[in-house]
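# Overview (structure and organization)
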Amino acid sequence: MLIWVSRMGVFVSGMIYFIILGALVVDVKGLGVNWGTQATHNLPPKTVVQMLKDNGITKVKLFDADQTTMSALAGSNIEVMVAIPNDQLAAMNDYGRAKSWVQKNVTRYHFDGGVNITYVAVGNEPFLSSYNNSFLNVTFPALKNIQNALNEAGVGSTTKATIPQNADVYQGLVPSAGRFRADISDLMTQIVAFLSQNNAPFTVNIYPFLSLYGNEDFPINYAFFDGGYSISDNGVIYTNVFDANFDTLVSAMKAINYGNVPIFVGEVGWPTDGDKNANINYAVRFYNGLLPKLASNKGTPLHPGFIEVYLFALIDEDAKSIAPGNFERHWGIFRYDGQPKFPMDLSGANNGAYLLGAKGVPYYANQWCMFNPNATDLSKLGDNINFACTFADCTPLGYRSSCNGLDANGNASYAFNVYYQTQNQADEACGFEGLAVVSTQNISQSNCNFTIQIATSSSSPQQAPMSLLLLILLMFWYI
């Protein structure tokens, strides 16, 4: 049986160039990245745009149409997918408001030296089963209004509207049996027909990691591309769940007689922390299989040839909801500060090189907030750790995550420091009722990095709520 799991989470097509010895080499066509900004301290958009250019990334998918981000992208010639969040879909059911949105966020940038907007993402995985039909009746009208507004504005031939869907909109025990989910089959048929009419793509998010995360019995090798497990579908052999998932959608599209509509993979990636299977080694294994596959243009058994894919994600986001899992804050191929996490060759040649990191990133002072070894009253230690982890990202402390091996004092120090950094190293942020002190000595341990936060004009502490499970685990360590 094929099993894949949904996530709550959008993007744009792209071609990625990789810098080798000063020369740009084009290998993986149609490769883009997702750029999210749900972080307490975002890199300046101009810094991120320069990082994209330095790595030859020419396409990016956004989750909104933020003016500062769009201004930074102006003149870069990077192809951009802007987005309408789910909570704005109902408003887009009014054609006048849809026209205003297009004018404000698309045609406004349509000039020489402006922003090269190629797609508008209408919502993000709006038909997730977990949404309980919240967006069922407003998504398709919004799609029609936005595309019609684009057409009326004279940009519809170059800017297309699409709906990034989660893979749970279709089902099938084997790829050839793929069909759209019964409860939305008629609606999906109408949407696909409209996409076909406007020469727009069907966008789907595929997550092999979530197949593994959601099922302890899932064969781990099937989540990767280097063999070790396979299934047979009427004699067609599938050695990885990405191909099987994609072809289940291909079959669903063919079943409604729209097999000719292009399919984009809007999100695919592997997180590096927050779960026992979310780590650097597995991320390297995943991308070392995915990128050569894309470079080869072999496609899948039911879709041979080129596939347009957008990696998820560009940068870690420490303020994302962790309702799906603690790993949600660790999808980036770059750390929070724009530095590469692991070797990654976007050409697909797997040459062991690193991507080029963000330049000129300012950091706060080299000082950390740590557990006070001279503290005598520890009765409120658990409460203070809970407070720190409610307003900062303690997900690396979770079970089998990168900082899971710390001792009791180390756990407290990690929580205190991440809060201190989130609060821009404010003096009062390292008090914790006498349980913490500031240190100028790096207190990082083994594989657990105690970060120094970046100091940018956009730095504004936000609440980053911790999962109840992790809070319980933290409390347990001090019982």
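For the structure, see preceding data.
Owing to the predicted nature of the structure, the values given are computational and were not obtained by experimental measurement. (Residues numbered from 1 in each chain as written. Predicted model: local features only at pLDDT ≥ 70, side-chain atom pairs only at ≥ 80, totals over all residues. Heavy atoms only, no water.)

## With respect to the environment of serine 232
To be explicit about the condition: A run of H or I in DSSP becomes a helix once it reaches four residues, and a run of E becomes a strand once it reaches two; helices and strands are each numbered from the N terminus. Residue exposure (1.4 Å probe, protein chains only): buried if accessible area is under 20% of the type maximum, exposed if over 50%, otherwise partly exposed. For this analysis, a polar contact is any N or O atom pair within 3.5 Å, provided that within protein one partner can donate a hydrogen and the other can accept it, and provided that sequence-adjacent residues contribute only side-chain to side-chain pairs.
Its location among the elements puts serine 232 in strand β12 (residues 231-233). Given the relative accessible area of 47%, serine 232 is considered partly exposed. Sequence separation between serine 232 and valine 174 is 58 residues; the distance between their C-alpha atoms is 8.4 Å. Only 3.4 Å separates the side chain of serine 232 from the backbone nitrogen of glycine 235, close enough to count as a polar contact.

## Some thoughts on the sheet that holds strand β17 (residues 308-311)
This is how it is decided: Being paired, for any two strands, means DSSP has found at least two bridges between them. Between N-to-C directions, angles span 0 to 180 degrees; the directions come from axes that are lines fitted to C-alpha atoms, helices contributing only their stretch in contact. Every residue pair with non-hydrogen atoms within 4.5 Å of one another is taken to be in contact.
Taken together, 9 strands build an open sheet; the order of strands is β7-β6-β5-β4-β3-β17-β14-β11-β8 and the sheet is parallel. Lying at the two open borders of the sheet, with one neighbouring strand each, are β7 (160-162) and β8 (164-166). For this sheet the average axis-to-axis angle between neighbouring strands, irrespective of direction, equals 25 degrees. In this structure, strand β3 (residues 31-35) lies alongside strand β4 (residues 59-62), joined through 3 bridges in parallel fashion. Its bridge partner being in β4, tryptophan 35 is matched across the sheet by leucine 62. With respect to the sheet, helix α4 (residues 139-152) is in contact with β5 (79-84), β6 (116-122) and β7, its orientation differing from that of β7 by roughly 170 degrees.

## Focus: the packing of helix α3 (residues 95-105) against α4
Just so we agree on the cut-off: An angle below 35 degrees is read as roughly parallel, one above 145 as roughly antiparallel, one from 65 to 115 as roughly perpendicular, and any other as oblique. Here is the rule for handedness: rotate from the far helix to the near one, and if that takes an anticlockwise turn smaller than a right angle the crossing is left-handed, while a clockwise turn gives right-handed. By the convention adopted, Pro, Cys, Tyr, Trp, Phe, Met, Ile, Leu, Val and Ala count as nonpolar, Lys, Arg, Asp and Glu as charged, and the other residues, Gly among them, as polar.
Contact geometry for α3 and α4: axes closest at 9 Å, N-to-C directions at 60 degrees. With respect to their mutual orientation, α3 and α4 come out oblique. At the point where α3 passes α4, the crossing takes the right-handed sense. Judged by residue contacts, Tyr95, Ala98, Lys99, Trp101 and Val102 of α3 engage Asn145, Ile146, Asn148, Ala149, Leu150 and Glu152 from α4. Split by residue class, the contact of α3 with α4 holds 7 nonpolar, 2 polar and 2 charged.

## With respect to the layout of surface pockets
Formally: Here a cavity is any set of points on a 1 Å grid over the protein atoms alone where a 1.4 Å probe fits but cannot get out, and a pocket is any open set with protein on both sides within 12 Å along at least 5 of 7 lines; a residue lines the site when it has an atom within 4 Å of a point. Grid points are joined across faces, edges and corners, and a volume is the space filled by probe spheres set on the points.
Estimated volume of the largest pocket: approximately 860 Å³. What lines the largest pocket is a set of 35 residues, among which Asp273, His330, Pro396, Ser402 and Asn449 lie closest to the centre. Per element, the largest residue contribution to the lining of the largest pocket is 4 residues, and it comes from helix α10 (residues 408-422). For the lining of the largest pocket, the per-class residue count stands at 9 nonpolar, 15 polar and 11 charged.

## Topic: the packing of aromatic side chains
Let me state the cut-off plainly: Ring pairs are drawn from Phe, Tyr and Trp, using the six-membered ring of Trp, whenever the two centres fall within 6.5 Å, and their geometry is named by plane angle: stacked under 30 degrees, edge-to-face over 60, tilted for the rest. Look at NZ for Lys and CZ for Arg. If either is within 6 Å of the ring centre and within 35 degrees of the ring normal, a charge sits over the ring.
Evaluated as defined, the whole model comprises 31 aromatic pairs. With 5.5 Å between their ring centres and 85 degrees between their planes, tyrosine 119 and phenylalanine 264 make a pair best called edge-to-face. Pair noted here: tyrosine 119 is in strand β6 and phenylalanine 264 is in strand β14 (residues 263-268), with a separation of 145 residues, a long-range link. Sitting over the ring of phenylalanine 140, lysine 144 keeps its end group 4.5 Å from the ring centre.

## A look at the environment of tyrosine 207
Locating tyrosine 207 in the fold gives a position in the loop between β11 (202-205) and α6 (208-213). Assessed through its relative accessible area of 3%, tyrosine 207 is described here as buried. With 34 residues separating them along the chain, tyrosine 207 and valine 241 place their C-alpha atoms 8.9 Å apart.

## Some words on the state of the cysteines
How we decide: The disulfide definition used here is simple: a pair of cysteine sulfur atoms within 2.5 Å.
Per the counting criterion, the structure on display carries 3 disulfides. Shown here is the disulfide that connects cysteine 389 with cysteine 394, its sulfur atoms set 2.1 Å apart. Given an S-S torsion of about -85 degrees, the disulfide between cysteine 389 and cysteine 394 has left-handed geometry. For cysteine 394, a relative accessible area of 0% translates into the label buried. Looking at the protein, its bonded cysteines, counted consecutively from the start of the sequence, adopt the pairing 1-5, 2-3, 4-6.

## Comments concerning the pairing of β17
Alternating residues of β17 divide into Glu308 and Tyr310 and Val309 and Leu311, and every residue in both groups is buried. Here β3 runs beside β17; their pairing, made up of 3 bridges, is parallel. What sits directly across from glycine 32, in β17, is tyrosine 310. Summarising the sheet, β14 and β17 pair through 3 bridges and their orientation is parallel. Directly across from phenylalanine 264, in β17, lies its bridge partner glutamate 308.

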